[in-house]
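One-letter residues, chain by chain:
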Amino acid sequence: MKMLVCVKQVPDTTEIKIDPVKNTLIREGVPSILNPFDGYALEAAARIKDKDPESTITVLCMGPEQAKTALKESLAIAGDKAYLVSGREFGGSDTLCTSYILAEAIKEIEKTEGKFDIILCGKQAIDGDTAQVGPEIAEHLGYPQVTYGLEAFAEDGIIKVKKETEDGAMIIGIQTPCVLTFTKPSFDPRYPTIKRKMAANKANIPVLGFSDLPDIDPEKIGLKHSPTHVKKTFVPQKKTGGIKIQEESAEESAKKLFSMLSDAHVI
Ligand SMILES: Cc1cc2nc3c(=O)[nH]c(=O)nc-3n(C[C@H](O)[C@H](O)[C@H](O)COP(=O)(O)OP(=O)(O)OC[C@H]3O[C@@H](n4cnc5c(N)ncnc54)[C@H](O)[C@@H]3O)c2cc1C
């Protein structure tokens, strides 16, 4: 199985601080990490490789030079090869442009590495939080997709994905090539070994710039060509007040809540 995992480097916080004037992220003083959901995608790929050691895991990131740190961490965990897509032409891309650039980079890498069977992404990045890039990559490539994956298995010539649902989980079969996005599973992702960490530190990570993607349409990338413009970003004020229902038992509390909602014509 040939797999490619898309990883993003994000600020190490869920408490995103926004510059109130520029509406951009304040990154100063906030260390960067590998997006946790991408760690789950990497773990899913590693589990497929555990069962089929012939499998390969390529890791891809778009970002500035410093994003190589996230790629090296991915190599230390499970990746075999890593590529960085970087260039000022790509700067300010929204999710549509980002997914287009990543899809074009995947096609370019496939020219030398061969076709990937599975493209794995995190469900969402903890900074932008849109959860759009994975599904958009699938659309750009014309591949089927399964989102909210917990685990994936290669079985009987197809990929079976255990997918989170509102009620629990379900298994969906999908043909390759496909795109899968992953959320937090019940198990912890593996840690890098010292040996892999040392090898990752020495790894040469090729950088694909604008001129390395000859088929890319310059009218579809960067801030200028991004259809989304973030006008304002803010942290909502915490609401105070509210009503506490605390009856003798959970059942009685539920009954009280039901009658209150019913009286208010909410249900
Ligand atoms: C606070 C904030 C708000 C934003 N709001 C919007 C918005 O409303 N609309 C919009 O279009 N853009 C928005 N952006 C820009 C957006 O973050 C970037 O376009 C980003 O490159 C991709 O979007 P995301 O972070 O939401 O990724 P998501 O769609 O949440 O990421 C899903 C998965 O895609 C993969 N992925 C995402 N980015 C990369 C990357 N650079 N390299 C490799 N893999 C990647 C990862 O596997 C990731 O887990 C916002 C950014 C910030 C910081």
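Conventions and cut-offs
- Residues numbered from 1 in each chain as written.
- Predicted model: local features only at pLDDT ≥ 70, side-chain atom pairs only at ≥ 80, totals over all residues.
- Helix = DSSP H or I, 4+ residues; strand = E, 2+ residues; numbered from the N terminus.
- Contact = placed C-beta atoms within 7 Å.
- Buried ≥ 20, exposed ≤ 12 C-beta atoms within 10 Å, placed from the backbone.
- Pairing = 2+ DSSP bridges.
- Right-handed = clockwise from strand over helix to strand, strands pointing away.
- Axes fitted to C-alpha atoms, helices over the stretch in contact; angles between N-to-C directions.
- Left-handed = near helix turned anticlockwise from the far one by under 90°.
- Nonpolar A, V, L, I, M, F, W, Y, C, P; charged D, E, K, R; others polar.
- Core = buried A, V, L, I, M, F, W, Y, C linked by C-beta atoms within 7 Å.
- Parallel < 35°, antiparallel > 145°, perpendicular 65-115°, else oblique.
- Expected span 1.5 Å × (residues − 1).

Looking at the overall build of the protein chain
Here's step 1: A tally of helices and strands in the protein chain yields 6 helices and 11 strands.
Here's step 2: With respect to the three principal axes, the spread of C-alpha positions in the protein chain is 65 × 50 × 40 Å.
Here's step 3: The long-range fraction of contacts in the protein chain, counting pairs at least 24 apart against all pairs at least 6 apart in sequence, stands at 70%.

Let's talk about the environment of Ile267
Here's step 1: Of note, Ile267 is situated in the segment after helix H6 (250-263).
Here's step 2: For Ile267, a count of 9 C-beta atoms within 10 Å corresponds to the exposed category.
Here's step 3: Discounting residues that sit within four places of it in the chain, Ile267 has contacts with Leu261 and Ser262.

A short note on the pairing of strand S5 (residues 81-85)
Here's step 1: In terms of burial, S5 is a largely internal element, 4 of the 5 residues being buried.
Here's step 2: Here strand S4 (residues 56-62) runs beside S5; their pairing, made up of 5 bridges, is parallel. Its bridge partner lying in S5, Thr58 is registered against Lys81.
Here's step 3: Taking the sense of rotation as the criterion, the β-α-β connection linking S4, helix H2 (residues 68-77) and S5 turns out right-handed.
Here's step 4: As defined by bridge partners, S5 adjoins strand S11 (residues 207-208) across 2 bridges and the pair is classed as parallel. If you follow Leu84 over to S11, its bridge partner there is Val207.

As for the environment of Gly134
Here's step 1: You can see Gly134 is positioned in helix H4 (residues 133-141).
Here's step 2: Taking the C-alpha atoms as reference, Gly134 lies 8.6 Å from Gln145; in sequence the two are 11 residues apart.
Here's step 3: Among all residues touching Gly134, those that are not within four sequence positions of it are Cys121, Thr147, Val179 and Thr181.

Quick look at the packing of H2 against helix H5 (residues 194-202)
Here's step 1: Two elements in contact, H2 and H5, have axes whose closest approach is 8 Å; the angle formed by their N-to-C orientations is 145°. Here the hand of the crossing between H2 and H5 comes out right-handed. On the side of H2, the interface is formed by Lys72, Leu75 and Ala76, while H5 contributes Arg196, Lys197, Ala200 and Asn201.
Here's step 2: Partitioned by chemical class, the residues of the contact of H2 with H5 number 3 nonpolar, 1 polar and 3 charged.

What about the sheet that holds strand S9 (residues 168-174)?
Here's step 1: With mixed pairing, the 9 strands of this open sheet are ordered in space as S9-S8-S7-S10-S6-S1-S4-S5-S11. A strand with exactly one partner marks an edge of an open sheet, and here the two such strands are S9 and S11.
Here's step 2: Against the sheet, helix H1 (residues 36-51) contacts strand S1 (2-6), S4, strand S6 (118-122), strand S7 (145-155) and strand S10 (178-182), and its axis sits at roughly 145° relative to S6.

Let's talk about the nonpolar core
Here's step 1: Counting 59 residues, the largest nonpolar core has Val5, Ala41, Ala45, Leu60, Ile101, Ile119 and Leu120 as its most contacted members.
Here's step 2: Once residues lying within four places of it in the same chain are set aside, the contact partners of Leu60 are Leu4, Cys6, Tyr83, Val85, Leu102, Ala105 and Ile106.

Thoughts on the packing of helix H3 (residues 95-113) against H4
Here's step 1: Where H3 meets H4, the axes come as close as 8 Å, and the angle between the chain directions of the two elements is 55°. When the axes of H3 and H4 are compared, the pair comes out oblique. Seen along the crossing, H3 lies across H4 with a hand that is right-handed. Of the residues in H4, those touching H3 at Thr95, Leu96, Thr98, Ser99, Tyr100, Leu102, Ala103 and Ile106 are Val133, Glu136, Ile137, His140 and Leu141.
Here's step 2: A breakdown of the residues in the contact of H3 with H4 according to their chemical character gives 8 nonpolar, 4 polar and 1 charged.

Re H3
Here's step 1: Taking 1.5 Å per residue as the helical rise, H3 with its 19 residues ought to reach 27 Å, and the 26 Å between its terminal C-alpha atoms agrees with that figure.
Here's step 2: Those residues of H3 that fall on the buried side of the exposure criterion are Cys97, Thr98, Ser99, Tyr100, Ile101, Leu102, Ala103, Glu104, Ala105 and Ile106.
Here's step 3: Packing partners of the buried residues in H3 comprise S1, S4, S5, S6, H4 and S11.
Here's step 4: Note on H3: the residue one or two positions beyond its end, Gly114, has a positive phi of about 90°.

Notes on unusual backbone geometry
Here's step 1: Put simply, Thr176 and Pro177 share a cis peptide bond, and its omega is -5°.
Here's step 2: Secondary-structure assignment places Pro177 in the loop between S9 and S10.
Here's step 3: At Asp129, a position not held by glycine, the phi torsion is positive, near 65°.
Here's step 4: Counting through the fold element by element, Asp129 comes out in the loop between S6 and H4.
Here's step 5: In this structure, His265 takes a positive phi of about 60° despite not being glycine.
Here's step 6: Mapped onto the fold, His265 is located in the segment after H6.

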